[in-house]
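One letter stands for each residue in the lines below.
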Amino acid sequence: MADMHTLTNDRFYATKLVRNILSRGLCISVDNGAEEPSFPSRNEDTILGLLNATEMETLRLYKHTPGGLQYVGFFFLVWGNCPSGEELVSDHTDNRLCDNIWSDVFGREPVA
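Asks: Explain the pattern of salt bridges to me, please; I cannot follow it from the model alone.
Replies: When charged atoms on two side chains of opposite charge get close, those side chains can pair. A complete count under the given rule lists three salt bridges for this structure. For D104, the salt bridge identified is with R24, shortest N-O distance 2.5 Å. Here D104 is found in helix 3 (residues 96–106), whereas its partner R24 is found in the loop between helix 1 (4–23) and strand 1 (27–31), with 80 residues between them in sequence. Under the relative-accessibility criterion, D104 is labelled partly exposed at 44%.

This is how it looks when you write it as structure tokens:
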């Protein structure tokens, strides 16, 4: 079980991540593996309220297209992975969009 300091740092980075994704006009669904994934949303409070329900969650990213929502990537979160919170994102889609989001949130290039 992670201590409160670790979870506070995780929450800081999770909030930064969600805000960065939403600022790009994308929608997010939350999959915690315990229930059906949430419907893709652009509501920050709703998304943040769904986080940390389990130890691991996947944020799935979608963009609006004329044909509907198109899946564009994911971020896999592991809560309590590191005291600094900088390892909250355990994995993400290896594409330009997700790499740019990761770099904006964590201030450095993703490690391959």
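Asks: I tried to follow helix 3 on my own but got confused; where do I start?
Replies: Taken as a whole, helix 3 has its buried residues at C98, D99, I101, W102, S103, V105 and F106. Taken from the residues just after helix 3, G107 is the one with a positive phi, measuring 70 degrees.

Asks: Is there a simple way to think about the packing of aromatic side chains in this case?
Replies: Tallying each qualifying case throughout the model produces four aromatic pairs. With 5.8 Å between their ring centres and 70 degrees between their planes, Y62 and Y71 make a pair best called edge-to-face. For Y62, a relative accessible area of 18% puts it in the buried group. The class for Y71 is partly exposed, based on a relative accessible area of 41%. Measuring from centroid to centroid gives 4.8 Å for W102 and F106, while their planes differ by 35 degrees, and the two rings are tilted. On the criterion of helical spacing, the pair formed by W102 and F106 is a turn pair, its members being four residues apart in helix 3. Exposure class is identical for W102 and F106. Each is buried.

Asks: Would you explain the pairing of strand 3 (residues 68–78) in this entry?
Replies: In regular strands, side chains alternate between the two faces of the sheet. In the sheet, strand 2 (residues 56–65) pairs with strand 3 via ten bridges, with the strands oriented antiparallel. Considered in strand 3, the bridge of Y62 is made with Y71. The antiparallel pairing of strand 2 with strand 3 creates a hairpin that spans two residues between the two strands. Both strand 3 and strand 4 (residues 89–92) contribute to a ladder of three bridges, which runs antiparallel. Paired with L77 across the two strands is V89, which belongs to strand 4.

Rules of the game
- Residues numbered from 1 in each chain as written.
- Predicted model: local features only at pLDDT ≥ 70, side-chain atom pairs only at ≥ 80, totals over all residues.
- Heavy atoms only, no water.
- Salt bridge = Lys/Arg side-chain N within 4 Å of Asp/Glu carboxyl O.
- Helix = DSSP H or I, 4+ residues; strand = E, 2+ residues; numbered from the N terminus.
- Buried < 20%, exposed > 50% of the residue type's maximum accessible area, 1.4 Å probe, protein only.
- Phe/Tyr/Trp six-rings, centres within 6.5 Å; stacked < 30°, edge-to-face > 60°.
- Pairing = 2+ DSSP bridges.

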